Amino acid sequence: MNAAKPFEISKTLVFQGYQEVKSKGGSAGIDQESIQEFELDLKDNLYRIWNRMSSGCYFPPALKGVPIPKKSGGTRLLGVPTVSDRVAQTVVKMMLEPMLEPIFDENSFGYRPGKCAHDAVAITRTRCWKYDWVVEFDIKGLFDNIDHNLLMKALRRHCSCKWILLYVERWLKVPMQDDSGSIIVRNKGTPQGGVVSPILANLFLHYTFDVWVRKNLPNIPFCRYADDGLLHCRSQRQAEYVMDRIAQRFRECGLEIHPNKSSIVYCKDKNRPREYERISFDFLGFTFRPRRCVNGRGIVHPNFLPAISQTSRKAINKVMRGWNIQIKNDKSLLDLSKMFDVVLRGWDNYYSRFYPSAMRSIWRHFDGYLARWVRRKYKRFAWHKRRAYSYLDQVAKANATLFTHWRKGIFPVSRVVGAG
């Protein structure tokens with residue numbers, strides 16, 4: 001081995017890391033260098049990353065602290081690495097994934113290849129039919145509070161590669177620079193926004209939670225997606241016991257469950273009619289609760305099922321409102337389709353997987369904006385909402401391929417109730 005290059009890292013691996021970074025896009029870090037600017041001197045930039053990593057002298061630059069809004073209100077600070085640092089982190093991630101994937105639990109679904117949120121929702125739906133009670137938990141500030149010593153201990157257990165251990169430790173300690181230019185020193189946590197952070201967080205929670213539950217609560221099925229998790233219990237007493245145990249376990253590992261996002265829920269349905277204060281919970285954008293269901297004999301009864309959550313609906317409606325469809329008079333319907341249908345299709349693919357009828361309010365909302373667009377674009381409909389809807393319905397049936405819900409036969413005419 002070259003004495004000047006103590007670590008054997010292939011140039012091909014660095015190039016593959018760059019390709020993955022490019023495919024995912026992302027904004028610039030503190031150096032303000034975009035992916036496009038990075039590519040202007042691609043060969044030298046990639047060589048520089050390889051040379052420094054191979055020599056053991058790669059030191060990551062500070063992260064760019066970007067405040068992003070939280071659904072629950074307030075903001076969290078996202079740590080954005082530079083493009084070069086994202087390439088370096090991707091190199092390590094591509095090496096780590098094959099080492100760690102085999103040891104991860106089958107009930108851990110977040111940030112893992114071959115697993116997705118729908119898998120977690122599907123298995124949760126099945127378990128809610130079998131178990132009467134659910135313990136839901138959310139870890140407060142997971143990425144900000146991971147203990148570095150415990151994480152590195154877990155990583156050394158499965159990884160003996162010196163350069164991976166070296167650079168992971170440096171990434172854990174890299175400071176963050178906020179909007180004012182102030183440097184924030186970090187002595188715990190793994191930066192949310194870093195490429196390696198998700199797999200490191202999964203490793204930490206694998207030992208903090210997954211392995212611990214298997215050993216200490218062997219009869220309790222669980223499902224975890226990153227820092228959100230569920231445990232299924234047979235009785236209220238068992239659920240209360242489980243909640244106390246996991247809260248204590250997280251405290252022992254330097255974490256805390258969020259008091260407002262963690263609770264015990266009763267899975268009420270036709271076979272479980274008792275009353276309880278909590279009979280619903282949100283998980284991965286879906287709300288699980290008793291819903292109207294028709295069995296094979298045509299009998300209507302309640303069943304405990306997931307459907308798009310109210311929080312998700314509000315977020316989608318906010319996005320649609322920001323499109324300002326109704327004032328785009330210069331656009332044709334085909335233009336609007338090209339601009340927005342790809343997003344509608346994404347929402348449909350995700351949220352229509354379970355209880356798709358709950359998505360009808362979203363399609364009504366979108367068609368409402370289209371009807372307002374019709375009334376502004378064509379003066380003959382300006383004062384006639386019902387006629388505008390009728391016209392849009394005719395157009396939709398003749399051009400059903402334009403929007404995802406039209407392709408399903410969900411047309412605007414059914415939404416004109418009360419229109420005048």
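Residues numbered from 1 in each chain as written. Predicted model: local features only at pLDDT ≥ 70, side-chain atom pairs only at ≥ 80, totals over all residues. Heavy atoms only, no water.

## Structural notes on helix 11 (residues 310-323)
In a regular helix each residue adds 1.5 Å, so 14 residues correspond to 20 Å; helix 11 covers 20 Å between its end C-alpha atoms and thus fits that length. Residues Ser-312, Arg-313, Ile-316, Asn-317, Met-320 and Trp-323 constitute the buried set of helix 11. Viewed end-on, helix 11 has its buried residues packed into an arc of 130°, placing them on one side of the element. Of the residues in helix 11, the exposed ones pointing more than 90 degrees away from the buried face are Lys-314, Lys-318 and Gly-322. Following helix 11 by one or two positions, Asn-324 adopts a phi angle in the positive range, close to 55°. (Helix = DSSP H or I, 4+ residues; strand = E, 2+ residues; numbered from the N terminus. Expected span 1.5 Å × (residues − 1). Buried < 20%, exposed > 50% of the residue type's maximum accessible area, 1.4 Å probe, protein only. Arc of directions from axis to C-beta.)

## Description of the packing of helix 12 (residues 333-351) against helix 13 (residues 360-377)
Between helix 12 and helix 13, the shortest axis-to-axis distance is 12 Å and the interhelical angle comes to 170°. Taken as axis vectors, helix 12 and helix 13 run roughly antiparallel relative to one another. Residues Leu-333, Leu-336, Phe-340, Leu-344 and Asp-348 of helix 12 pack against Trp-363, Phe-366, Leu-370 and Trp-373 of helix 13. Classifying every residue of the contact of helix 12 with helix 13 by side-chain character gives eight nonpolar, no polar and one charged. (Axes fitted to C-alpha atoms, helices over the stretch in contact; angles between N-to-C directions. Parallel < 35°, antiparallel > 145°, perpendicular 65-115°, else oblique. Contact = heavy atoms within 4.5 Å. Nonpolar A, V, L, I, M, F, W, Y, C, P; charged D, E, K, R; others polar.)

## What about the pattern of salt bridges?
Tallied over the entire structure, the rule returns 18 salt bridges. The salt bridge partner of Arg-214 is Asp-105, with a shortest N-O separation of 2.8 Å. Taken together, the residues span a long stretch of sequence, with Arg-214 in helix 9 (residues 197-216) and Asp-105 in the loop between helix 4 (83-100) and helix 5 (117-130) at a distance of 109 residues. One connected set of salt bridges, linked through shared partners, spans Glu-20, Lys-24 and Lys-93. (Salt bridge = Lys/Arg side-chain N within 4 Å of Asp/Glu carboxyl O.)

## Overview of unusual backbone geometry
Positive phi is not limited to glycine here, since Gln-32 has a value of about 65°. As for its position among the elements, Gln-32 is in the loop between helix 1 (11-24) and helix 2 (35-39).

## Topic: the environment of Ile-325
The topology assignment puts Ile-325 in the loop between helix 11 and helix 12. The sequence separation of Ile-325 and Phe-340 amounts to 15 residues, and the corresponding C-alpha distance is 9.5 Å. When neighbours within four sequence positions are excluded, Ile-325 is seen to be in contact with Leu-336, Phe-340, Phe-366, Tyr-369, Leu-370 and Trp-373.

## As for the confidence of the model for the protein
When pLDDT is averaged along the protein, the result is 93, and 95% of the positions lie at 70 or above. Confidence drops under pLDDT 50 across residues 414-420; counting only partners more than four residues distant or on other chains, this segment forms 14 contacts. (pLDDT = per-residue confidence, 0-100.)

## As for the nonpolar core
Formed by 68 residues in total, the largest nonpolar core has its most connected members in Met-53, Leu-96, Trp-163, Leu-231 and Ile-246. If you tally residues by element for this core, the top one is helix 9, at 10 residues. Look past the residues within four positions of Trp-163 in its chain and what remains in contact with it is Phe-7, Glu-8, Ile-9, Met-53, Val-91, Val-92 and Met-95. One finds Leu-230, Ile-362, Trp-363 and Trp-373 within the second-largest nonpolar core, a separate group that totals 50 residues. (Core = buried A, V, L, I, M, F, W, Y, C linked by side-chain atoms within 4.5 Å.)

## Here's the deal with the pairing of strand 7 (residues 228-233)
In terms of residue burial, strand 7 counts as a mostly covered element, since five of its six residues are buried. In this sheet, strand 7 lies alongside strand 3 (residues 133-138) in antiparallel orientation, the contact comprising six bridges. Along strand 7, the bridge assignment pairs Val-134 with His-232. In this structure, strand 6 (residues 222-225) lies alongside strand 7, joined through four bridges in antiparallel fashion. Across the sheet, the residue bridging to Arg-224 is Gly-229, located in strand 7. Between strand 6 and strand 7, which pair antiparallel one after the other, the connecting turn spans two residues, and Ala-226 there sits at a positive phi close to 55°. (Pairing = 2+ DSSP bridges.)

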